[in-house]
Amino acid sequence: MAAEIVNPRSDSEYRDGHTEQESGAEPLDSFDPAFALHRGGKMAVQATVPVRDKDDLSLAYTPGVAKVCSAIAEQPDLVHDYTWKSSVVAVVTDGTAVLGLGDIGPEASLPVMEGKAILFKQFGGVDAVPIALNCTDVDEIVETVVRLAPSFGGVNLEDISAPRCFEIEKRLQERLDIPVFHDDQHGTAVVTLAALRNAARLSGRPLGELRAVISGAGAAGVAIAKMLVEAGIGDVAVADRKGVVSRDREDLTPIKAELASFTNKAGLSGSLESALDGADVFIGVSGGTVPEAAVASMAEGAFVFAMANPDPEVHPKVAHKYAAVVATGRSDFPNQINNVLAFPGIFAGALQVRASRITEGMKLAAAEALAAVVGDDLAADYVIPSPFDERVAPAVTAAVAAAARAEGVARR
């Protein structure tokens, strides 16, 4: 399948019978170029073999397919060699946590899912199919994806609200023998760790000496905390709307209770602002605003990663007054923490070796490879490479494939 930014249909083809034209309303394209780009969708299916005559047709379809089908029936593993299975990912959502838009439903999520699919192709050479599900029940989502799985080499879960996303991912990983990856969690965590590694390298401090505070105990916050602990950070505390997640709180969900069990070694309690006093790192994945006074209370040479979109928790102009390194989720500021730096290469590496799952070691390897791309060009405004750096995907792909082999989850 090929992702195409240019709509293959002409305007006249689209206008025929279209609701906008029938109603006499002026097309939305007239007001905003984003609508013009999205007209008819952002992708199309494209054949990889010619069908020019009856001979081609007999090979591509009947009777040629019968031989291939029979061979796969006898040796199921041949499906990876003679179909697209090992090179295509299902991008699955229920539309409950779409970007900064929230619960907007499956149909409204499709422009984002199409966008995700073309990013897979553009930045990782991986084909992807958007699948928006008209259900939000955990059991129904799991069963639906399990039934769809024979067509795909991997599943990328996208924009599914917490805490359901944790259970959905866990149960799918248990039932499927292909990679299942919730990008809102792990893609964000990989890129964050890569940027933090380089920020620490720039300041000459090891991760083990840093204390981090994460604002947000949702999908991204939990995954970042887990990855930072795996990477050996000195300490990390996570704050939700009620304050720091700590063992002494009695209102914790099972996910947050687990989070409290391996974070906050210092035993902090109270507000996010109080936790930031003397902290080396702030990581924002929650929205809201952090008061300037709280940022000023952080340790000298601190790092501020304010990743909420479109409004960072700490505006870069404020953060630069106190922090040695500042990162956001926006493309118009330096050091953008962008998931597209991770997920295309992670899936490309996993598919390349036909991995049965994506392990913690594979994610850590992806973060290390991503950080290494920066190399000797490391600077305060360059701790993470651009998504358009052509070295990124090959580096992440190779590192993930090698880690999969080392951890015994590769099947070729």
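Residues numbered from 1 in each chain as written. Predicted model: local features only at pLDDT ≥ 70, side-chain atom pairs only at ≥ 80, totals over all residues. Heavy atoms only, no water.

**Some remarks on the overall build of the protein**
Here is step 1 of the chain: In terms of regular secondary structure, the protein is built from 18 helices and ten strands.
Here is step 2 of the chain: When each of the 412 residues of the protein is scored for burial, the buried share is 52%.
Here is step 3 of the chain: Sequence-distant contacts in the protein: of pairs separated by 6 or more residues, those separated by 24 or more amount to 66%.
Here is step 4 of the chain: Working note: accessible area of the protein is about 19100 Å², and carbon and sulfur atoms make up 53% of it.
Here is step 5 of the chain: If the 36 positive side-chain charges of the protein are averaged to one point and the 56 negative ones to another, these points end up 4 Å apart. (Helix = DSSP H or I, 4+ residues; strand = E, 2+ residues; numbered from the N terminus. Buried < 20%, exposed > 50% of the residue type's maximum accessible area, 1.4 Å probe, protein only. Contact = heavy atoms within 4.5 Å. Areas by Shrake-Rupley, 256 points an atom, 1.4 Å probe, with all protein chains shown as cover. Lys, Arg positive; Asp, Glu negative; His and termini not counted. Charge placed at Lys NZ, Arg CZ, Asp CG, Glu CD.)

**Observations regarding the nonpolar core**
Here is step 1 of the chain: The biggest cluster of nonpolar side chains holds 107 residues, and the ones touching the most others in it are Leu-172, Leu-176, Leu-196, Leu-228, Phe-305, Ile-346 and Met-362.
Here is step 2 of the chain: No other element matches helix 17 (residues 360–374), which puts ten residues into this core.
Here is step 3 of the chain: Setting aside residues up to four positions removed in sequence, Leu-228 forms contacts with Leu-193, Leu-196, Ala-212, Ile-214, Ile-233, Val-236 and Ile-283. (Core = buried A, V, L, I, M, F, W, Y, C linked by side-chain atoms within 4.5 Å.)

**Description of helix 8 (residues 138–148)**
Here is step 1 of the chain: Taken residue by residue, helix 8 has Val-138, Ile-141, Val-142, Val-145 and Val-146 as its buried positions. Axial view of helix 8: buried residues confined to an arc of 130°, hence all on one face.
Here is step 2 of the chain: Among the structural elements, strand 1 (88–93), strand 3 (154–157) and helix 9 (164–175) are those in contact with the buried residues of helix 8.
Here is step 3 of the chain: You can read the cap of helix 8 off the contacts: a side-chain oxygen lies 3.0 Å from the backbone nitrogen of Asp-139, and it is on Asp-137. (Arc of directions from axis to C-beta. Polar contact = N/O pair within 3.5 Å; in protein donor to acceptor, adjacent residues only side chain to side chain.)

**Let's talk about helix 16 (residues 343–352)**
Here is step 1 of the chain: Among the ten residues that make up helix 16, nine are buried, leaving the element largely enclosed by the rest of the structure.
Here is step 2 of the chain: Residues Phe-343, Pro-344, Gly-345, Ile-346, Phe-347, Ala-348, Gly-349, Ala-350 and Leu-351 constitute the buried set of helix 16.

**Describing the sheet that holds strand 7 (residues 243–244)**
Here is step 1 of the chain: Taken together, six strands build an open sheet; the order of strands is 7-6-5-8-9-10 and the sheet is mixed. This sheet does not close on itself; its edge strands, each paired only once, are strand 7 and strand 10 (323–328).
Here is step 2 of the chain: Looking at chain direction, strand 5 (residues 211–215) and strand 8 (residues 281–284) are connected through four bridges and run parallel. What sits directly across from Val-213, in strand 8, is Phe-282.
Here is step 3 of the chain: Those strands touched by helix 11 (residues 219–231) are strand 5, strand 6 (235–240) and strand 8, and its axis lies near 165° from that of strand 5. (Pairing = 2+ DSSP bridges. Axes fitted to C-alpha atoms, helices over the stretch in contact; angles between N-to-C directions.)

**A word on the packing of aromatic side chains**
Here is step 1 of the chain: Throughout the structure, instances matching the rule amount to four aromatic pairs.
Here is step 2 of the chain: Between Phe-123 and Phe-388, the ring centres sit 5.5 Å apart and the planes meet at 65°, which makes this aromatic pair edge-to-face. Taken as a pair, Phe-123 in helix 7 (residues 106–124) and Phe-388 in the loop between helix 17 and helix 18 (392–406) lie far apart in primary sequence, 265 residues in all.
Here is step 3 of the chain: Plain terms: the ring middles of Phe-181 and Phe-347 are 5.8 Å apart, the flat faces sit at 85° to each other, and that makes the pair edge-to-face. (Phe/Tyr/Trp six-rings, centres within 6.5 Å; stacked < 30°, edge-to-face > 60°.)

**Considerations on the sheet that holds strand 3**
Here is step 1 of the chain: A sheet is described by the order of its strands in space; here four strands give the open sequence 2-1-3-4, paired in parallel fashion. Two strands lie at the open edges of the sheet, namely strand 2 (127–132) and strand 4 (180–182), each paired on one side alone. For this sheet, the mean inter-axis angle between neighbouring strands, taken without regard to orientation, is 25°.
Here is step 2 of the chain: In this structure, strand 1 lies alongside strand 3, joined through four bridges in parallel fashion.

**Notes on the confidence of the model for the protein**
Here is step 1 of the chain: The predicted model of the protein has a mean per-residue pLDDT of 93, with 94% of residues at 70 or higher.
Here is step 2 of the chain: Segment residues 1–23 is flagged for pLDDT under 50; beyond a separation of four residues in sequence, or across chains, it makes 40 contacts in the model. (pLDDT = per-residue confidence, 0-100.)

**As for the pairing of strand 2**
Here is step 1 of the chain: Examined bridge by bridge, strand 1 and strand 2 share six bridges and lie parallel to one another. Its bridge partner being in strand 2, Val-88 is matched across the sheet by Asp-127.

**Details of the side chain of Asp-159**
Here is step 1 of the chain: With respect to the helices and strands, the residue Asp-159 is situated in the loop between strand 3 and helix 9.
Here is step 2 of the chain: Once you skip the residues sitting within four places of it in the chain, Asp-159 turns out to touch Thr-93, Asp-94, Gly-95, Thr-96, Ala-97, Val-98, Leu-99, Val-112, Met-113, His-182 and Asp-184.

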